[in-house]
Structure formats: structure tokens, C-alpha cells
Amino acid sequence: MTDAIRVSSPITGTEKTLSFEAGHLAQLADGAVLARIGDTMLLATVAAARTAREGIDFFPLTVDIEERAYAAGKIPGAFFRREGKLSDQAVLICRLIDRPLRPSFPKGFRNEIQVVGTIFSADQENPHDILAINAASAALMISGIPFDGPIGAVRMAYTTDGEWAPHPTFAEGDAATFELVVAGRALSDSVEADIAIMMVEAGGTEGSFVKYEDGAPKVSEDVLAAGLEASKLWIREAINLQRELVKAFVAERGPIKALEYQTFADYEDDVLARVEAIGREALSEANSLTEKQPRAEALTAATTSIMAQLAGEFPDRAGEVKAAVKSLTKQLVRRRIVDEGVRIDGRGVSDIRPLSAELDLFPMTHGSALFQRGETQVVNVTTLGMPRMRQQVDSITPDEFRRYMHHYNFPPYSVGETGRVGAPKRREVGHGMLAERALIPVLPSEQEFAYTLRVVSDVMQSNGSTSMASVCGSSLSLMAAGVPIKAPVAGIAMGLVYDGGKYVTLTDILGAEDAFGDMDFKVAGTADAVTALQLDTKIDGLPADVLSKALHQALEARLTILKVITDLIPEPRSEVAEVAPKIVSIEIPIDKIGEVIGPKGKVINTLQQETGADIAVDDDGVVGTVTIGAKDGRAVEEARRRIALILDPPTAEVGAVYQGRVVNIAKFGAFVSIMPGRDGLLHISKMAPLNGGKRIGQVEDVVELGQAVEVRVDDIDPQGKVSLSLAGEYANVAGDEGDTHRAPRPPREGGDRGGRDRDRGERSDRGERSDRGERSDRGDRGGREAAAPQKSSSSSFEAAFEAELADEIGDLGPGGPTFSPDDGGSRRSPRPRRR
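The residue count restarts for each chain, going from 1 along the sequence in the order it is written. Selection of residues for local features in this predicted model requires a pLDDT of at least 70, selection of side-chain atom pairs for listing and counting requires 80 or more, and totals for whole chains, interfaces and linings are taken over all residues. Hydrogens and water molecules were not included; the side-chain quantities draw on all heavy atoms of the structure.

Caption draft 1: Structural context of unusual backbone geometry. Looking along the chain, the bond that leaves Gly 149 and enters Pro 150 is cis, with omega of 0 degrees. Look at His 167: it is not a glycine, yet its phi comes out positive at around 45 degrees. For the purposes of this entry, the term helix denotes a DSSP run of H or I that reaches at least four residues, the term strand denotes a run of E that reaches at least two, and both are numbered from the N terminus. Relative to the assigned elements, His 167 resides in the loop between β8 (164–166) and α3 (170–175). A simple rule labels every residue: compare its accessible area, found with a 1.4 Å probe on the protein chains alone, to the largest value its type can have, and call it buried under 20%, exposed over 50%, or partly exposed in between. Judged by its relative accessible area of 10%, His 167 falls in the buried class. Phi at Ser 465 is positive, roughly 55 degrees, even though this residue is not glycine.

Here you go:
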């Protein structure tokens, strides 16, 4: 086993160290690097096909992240107890790696490349996404695969003090108001080289607008630009450390063998020249049409005509002719934008397409909206659910639940095509998470609004930036559903064309402008703060003034869209829809949770059955929270009233009659709920009237759970235990030989000595019970207690009652002797109570 090659470097402004290790694990891969920050460790491997697949016309780069549950000391929660499909978080990390790496390979390179990141250790403090980007780049640097790197990455958190902090922990990120993930590459080999930003993924944190209300500085366009500039220091550090790894690797193992490859041109110069000669005019005319469908039809017709004219000249090169037509189209579009300031659809560079919005499209949804910008149209629907409907996250991060879920669907009909419909693809997951990130900062806390929230964005038609249309439509649907968001959020997609040394920023780009441009960035936010940003560039370096201008141009567009939103619905509705569940939350003392739930959930289940409300109980270790929800508000109020009675139960009165319900059955009697939070015992000895006055063998013979029964309170002891007897129609029904209340017969000393003694004992027992019954009916409790028990044949009611209780459920606590039953029939002997 070979020794590992290690390099490490402290991270400026932190107490952390970034390290890379190579040459020890996965040595059959073209490149493998084990990266570490804190106790989070990740192995990135790269492998390349030695030749390109025949006929392939694109670059097949695949990135996968394997989040091993053992990295966090967990066993997967899935049925098979092993990792399955990628989590949404893993998909996002794959996209974060892919976006800066893909443009760093040679143009025309077609060999298949696979990057795999495996998380071996997750310390629950340091995120592994930034580590994955840096490790993937480092693995490519020592692989011999043609790669224009290194690529460095950093996460930045904007603190409540208004400072950008590098490489924050999970907790530090949650405490901040905004987070940036930035990747870039150096423009020279110097250790102090300037950094060209290639990729940005950013968003506000949950509760950031509450922090703004408390005085934290907001993230404006200027603050964001400053954060991007500040990130370059730590990107440069990651790049320099990768270069150190390459030097150490070469010094230890010798020169890195370069992969032999060939590039493939989409077309040759002679084909492009002929296409320009015969097709420029037709393509220019087709691109002058402002509507998408007519323009697409005209371009198709022009392309078909050009290919037909050149079929004889280039008989076996139809693919090259088609690619040359596309290249010429791109050139014409870009030159028109830069030279004339006119875009494909005839707009100026800062113009927004026509905007429109609608609310309440579907009667049974909790909140629905349609947002349309030009030919882009998205339906957004909000659904409100009980807190228990939040998504449980089975991941290796500290996150356990998602209260807000945003799902995005892009069906093929939205672009007039056929295709597969089913599970979401990575692009759909990424767009949904971007919209979710844009809206999370303005959502109310769970204490303010107890609902679980799900928003679904269904794209109806697409011609540019459906993700930002999803943000706009989601603000509308949330407000229509009565969700008290802090402020509406709007999003806009921006583009950039760089040609002939001139930068032109485009507002509200079309799909074609996205493909033909040099930068695509999406900005979402409120009127005075940015909530999300996504940026990808195809050029080396973006001047700070150009970026600042683009961000402020996006702000102007955002304000225009926000006016459309607020003109339609100025603020969230004060009440949720009639078809939505009504939810209230009650804070309760943590020691009262057991009373609300009841033994084996009987109390809470009974409440749910009788009121029709959905009740959930949770706690944070300090205070309990009861959440009550139902479509009928009256059911919610009734459940809340009953829970309030459980928390502060009314006091039963001796001699009062109550209509109760059997809630539990034991062999010595039935527990009857006579009022919320107050149960009493109806002893088996008092149930004879339910059996026509005859002796009862088992309690279940005469009562069942849930049975209604009218009872009288006979006694309440100092511990609050309630003794009950039957009332109403059974009050005066006599048992065997006329006794109304029959106490259990105690065993005699010396056991059973024959029928004659047994008969005498029964007669004596009945006589005593009759006396006690009369005294009990008179309410003479003191006299009852003063009566001396017969030592050989009987015991007091209280003694027998407590003995059977102790036999059933154990010691009942201080207050007198506890009697232990003897199966042999001998006299019960007292034993000391536990103190």
C-alpha cells in the first residue's frame, strides 16, 4: 500500500484547515483526491473513456454525489435500509460541481467523463458541497484529463453584523441572513492572480426578514456585488492549494501522463463559408420575426432550404451544414444586439415582455395563481397542511425536516414537443429548489403560521426563465392562500452578450438568448432586498462595474413585476380558503403533554374521533405545542375547548350526578370520564344493577369502552381519586339479597374450611356490607371509617379497593397500608408503603 501525498493550508479568517490527499485511495481511477475540512471528509474520483463514442455530438460529463449514511453515524431510513436515489440536496451539489467544470474542458472534447464524490465523514458542522467542488477539481488536475483548471470554490455567509464570513458552519449559516456559493478560476499562474467568477448560487436564510426587522442590514445589489468580490480571496487559496497538490504528486510519482484525445469540430470552415454565402439573408429575415412560433417555423424552413441547396456539394456532411446554420444564427443574433441594441423579439436590451397574472383558478385548491411573462406561462398552486405533513429529511446533514416544499414540473408540451413524463429530472429539481430558496426568507415562522406549506409550479408554456416565473406566481398563490409572507417576491432572468470588447446586459431573456449569450443570471427578491441569485458565465472575468450594472438593471425589472403582483393582491388574505384546514396552536406546560395524549394515546384519539379535528403534540424540550386542525373551524374550537379543560380541569362535586363515558377497563372496575381531564372509578362491586342485581364475574360482561353511563360521585380522597356509583335508572336496583353496593368478599384467616363455614362467612359478610351501604348512602364517611373491621371475615371497602388496585397497577403511594392478595385464601397482611 502506497503512502498518501498530503497538502494542507489554513483558511484565512477562520480556525479551519483545508487539506487534500492523493495516491492512497482509488488508485485505479484516473484521479482521486480525499479532501477534508474539520471532520468532514469526501473522496472525489474522476474517470475518462479513452475514446469518444461514435456519432456523439455533445460532451458527456456526468457528476454523482454518494451521501453515505454511515458518514453521519446513521442507518438509512428507507425500507431496505440502504441508500437509494439521490436526495434533492445531492442533486443540487451535482449541479454545483457540473456548472463550473463543464466549460473548463476543451471545445470539441467528446470523451465521456464521470465525476463521483463519496462522503465518508460528515461532522454535522461543515457542509460538504464546497469541499466536493474543490476535490473534484483537484482530482481532475492530477488525472491527465484535459482540463483548464484548477477551479476553486467558497461559501460566504452575510452575518447580522454586516460582514461576509468564509466557510460558515451549518449553525453559522442559519444565524446569518444570506449565503453565497461562488466558484471561479485564476486568470494566470500567479499566486496573486485575479479570479474569474464562473458560478454563483445564493439565497437568503429562513427567518432573515425577521432579522432585518431586528436591525440586521439587508442584502442589496451593492452588498451582493461586494460579497462576490470578497469571495475571490478564498477561491484563490483553494486554487493555490490544488497547485501545491499537483507539484507534490509529480515530485512523488513523476510526470502525470496526459490522456490522448481528439476534438471534434461541429463543422469545417468550408461548410460555414458556403452556408454564409447562400443563407445569411434568409436567416436574418427569419430572426427578425418577433413571435416564437412563426420565427421557429421560418428558421426551420430556411435551414431546410440551405441543406437542400448544399446537399450535392456536401453529400455526406449534412450534420456539419446544420451545425453551421446554428452557428451563423447565433452570430447574427449577437451582432444585432451589440450593434443595433435590438433583440430577437424586437425589444430593447432592458425591456420586459408583457406581464399578466390571475388568481383563484381552481375551486378546491387552497391558493392558485397564473403568472405570464410574454410566452412563458406558469400555474402555481399552494397547499396548506398540518405540521405533521412536513417532509422528514433522511440525510447526513443536521436538517431533519422541510416545512416548505417547492416542486417544479416542466412537461414536454410546454415547448410543443413530445417526451417522457414522470419522475422529476435534475433540472426540475434544481429549478424548484431555486424558487424555494427565493421564497424561504419571507415565509412566516411556524409559531406565526403553523401550517406545512407546499407550492407546485407547473409550466404551461416556456420561452425563457420559467424558474423566475415560478417565483412570481408562487408569491401570488401564497398570498391568495392566506399565508402571511413578509413581502412579495419577484424574479427576473438576465443575460449578457460580450462581443468586440463591448458588454451588453439583457433583461428578461428568451430561451434562445440564454443559449446564444455569454452569461445567464437569475435574481429574485423583494422591493428592497435580494433573496436568491444564480449566475453562470462563459467568459473569463466579469468586470465589477458590469456586474453592478446588471444587478441594478435587474432591480428595475423586479420592481416592475412587483407592481403587477401588488396591483392584483396588495397583501396576503386575512383568512385561509374555506376548503383549507383551519389550524391553531396552543403552548402547554411540558408536564401536561402526557395528560393531553393519555395512556396509549386514548385521550387524544378520543378527542380526534369526537371532534373531527386533527391534533398533533410536539415539544422542544422546554414547552409543549398542541396543534389543532380541521376544515371546519367549529371542530377546531371544540377541540381547543376540550384541551383547555384537560389543562385546567373542573372539580367534581361529591353527590353530583354526571353523564360519563367508560375510558378504561380493569378487572376490578371501570374508569369513567365524567368531565374533561377528570376520571373516576366505578368499582365492580357497584355494577350489580347493570346485571339485574346479580353478581358480576368480569367487568367486560356489563360495560365496554366508550359506553355512556350515568354515575354519582360518592367520594373524593385527598389524592383526588374519585369513587363513583351508578345513578339514574340503576340507582336503586338491589343486588343479591338486597344489597345495592357489594364489596368484594375478603378471604378468611385459615382458608376455606368447608361449606358450613363458607355459608356463615357469607351471611356475616352480607350483614356488614348492608350496614356499610346504609351508612354510605347517608354520606356518613366518618362513621364508615370508624367502623371496626371483622378480623376473620371482612375488610373495609377502602382496603379491598386499594388491594385490588395494587394488584392491578401496583403501589398507589403513601396514605395507609397496602394489602397483598393471597391466592391460598389466607388473610391479607399489610406491608409498609414506599416513602
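Caption draft 2: Seen up close, the pattern of salt bridges. We define a salt bridge as a contact between a side-chain nitrogen of Lys or Arg and a carboxyl oxygen of Asp or Glu at a distance within 4 Å. On inspection of all chains with the given rule, the structure shows 47 salt bridges. For Glu 179, the salt bridge is made with Arg 155, and the minimal N-O distance between the two is 3.5 Å. You can see Glu 179 sitting in strand β9 (residues 178–186) and its partner Arg 155 sitting in strand β7 (residues 151–158), a full 24 residues away along the chain. In this structure, the salt-bridge partner of Asp 189 is Arg 243, at a minimum N-O distance of 3.8 Å. One end of the pair, Asp 189, is in the loop between β9 and β10 (195–204); the other, Arg 243, is in helix α5 (residues 221–253), with 54 residues separating them in the sequence. Classification of Asp 189 by relative accessible area gives exposed; the value is 70%.

Caption draft 3: Summary view of the packing of helix α10 (residues 466–480) against helix α12 (residues 544–568). Lines are fitted to the C-alpha atoms to define the axes, a helix being fitted only along its stretch in contact, and any angle between axes, read from their N-to-C directions, falls within 0 to 180 degrees. Orientation of α10 relative to α12, taken along the N-to-C sense of each, is 20 degrees, at an axis distance of 11 Å. With respect to their mutual orientation, α10 and α12 come out roughly parallel. Note that α10 runs across α12; the crossing there is right-handed. In this structure, α10 contributes Cys 472, Leu 476 and Met 479 to the contact, and α12 contributes Ile 561, Ile 565 and Leu 568. Residues are grouped as follows: nonpolar covers Ala, Val, Leu, Ile, Met, Phe, Trp, Tyr, Cys and Pro; charged covers Asp, Glu, Lys and Arg; every other residue, Gly included, is treated as polar. In terms of residue class, the contact of α10 with α12 is made up of six nonpolar, no polar and no charged. Angular relationships are summarised with four words: roughly parallel below 35 degrees, roughly antiparallel beyond 145, roughly perpendicular across 65 to 115, and oblique for the angles in between. What makes a crossing left-handed is the near helix being turned counterclockwise from the far one by less than a right angle; a clockwise turn instead makes it right-handed. Residues are treated as being in contact if the distance between any of their heavy atoms lies within 4.5 Å.

Caption draft 4: Inspection of the nonpolar core at higher detail. Counting residues in each nonpolar core, the largest one holds 145 residues, and the members touching the most others are Phe 105 and Leu 180. Among the elements that line this core, the one with the most residues is α5, at twelve residues. When sequence neighbours within four positions are dropped, the list of residues in contact with Phe 105 reads Phe 59, Leu 61, Ile 113, Leu 140, Ile 145, Pro 146 and Phe 147. As used here, the term nonpolar core means buried Ala, Val, Leu, Ile, Met, Phe, Trp, Tyr and Cys residues forming a set that is joined through side-chain atoms within 4.5 Å. Ala 656, Leu 682, Leu 690 and Val 703 belong to the second largest nonpolar core, which has 22 residues in total.

Caption draft 5: Summary view of a positive patch on the surface. For patch building, the residue pool is restricted to those with more than 30% relative accessible area and no salt bridge; the joining distance is 9 Å between like charges and 5 Å between nonpolar side chains (Val, Leu, Ile, Met, Phe, Trp, Tyr). The Shrake-Rupley method, run with a 1.4 Å probe sphere, supplies the accessible areas, and residue values consider only the shown protein chains as cover. Charge counting follows a simple rule: Lys and Arg are positive, Asp and Glu are negative, and His as well as the terminal groups are ignored. Here the site of a charge means atom NZ of a Lys, CZ of an Arg, CG of an Asp or CD of a Glu. On the surface, Lys 107, Lys 326, Lys 330 and Lys 538 cluster together into a positively charged patch. Tracing the sequence through the fold places Lys 107 in the loop between α1 (88–101) and β6 (113–121).

Caption draft 6: Region of interest: the packing of aromatic side chains. To pair, rings of Phe, Tyr and Trp, with the six-membered ring standing in for Trp, must have centres within 6.5 Å; the planes then decide the type, stacked if under 30 degrees apart, edge-to-face if over 60, and tilted in the middle. For the coordinates displayed, the defined rule picks out eleven aromatic pairs. Summarising the aromatic geometry, the rings of Phe 105 and Phe 147 are spaced 5.5 Å apart at their centres and angled 55 degrees between planes, so their arrangement reads as tilted. Taken together, the positions of Phe 105 in the loop between α1 and β6 and Phe 147 in the loop between α2 (129–141) and β7 put the pair 42 residues apart, joining distant regions of the chain. Phe 147 matches Phe 105 in its accessibility class, with the two residues each being buried. Between the aromatic rings of Tyr 408 and Phe 410, the centroid separation amounts to 6.4 Å while the plane-to-plane angle is 20 degrees, which identifies the pairing as stacked. According to the relative accessible area criterion, Tyr 408 is buried, its value standing at 3%. Joined through ring pairs, the aromatic side chains of Phe 59, Phe 105, Phe 109, Phe 147 and Tyr 261 make up one cluster. Above the ring of Phe 401, the side-chain terminus of Arg 390 is found at 3.8 Å from the ring centroid. In this structure, Arg 427 is placed above the aromatic ring of Phe 410, and the distance from its NZ or CZ to the ring centre is 4.5 Å. In this analysis the charged atom, NZ for Lys or CZ for Arg, is taken to sit over a ring once it is within 6 Å of the ring centre and within 35 degrees of the ring normal.

So far we have only geometry, and geometry alone does not tell us how the molecule works.
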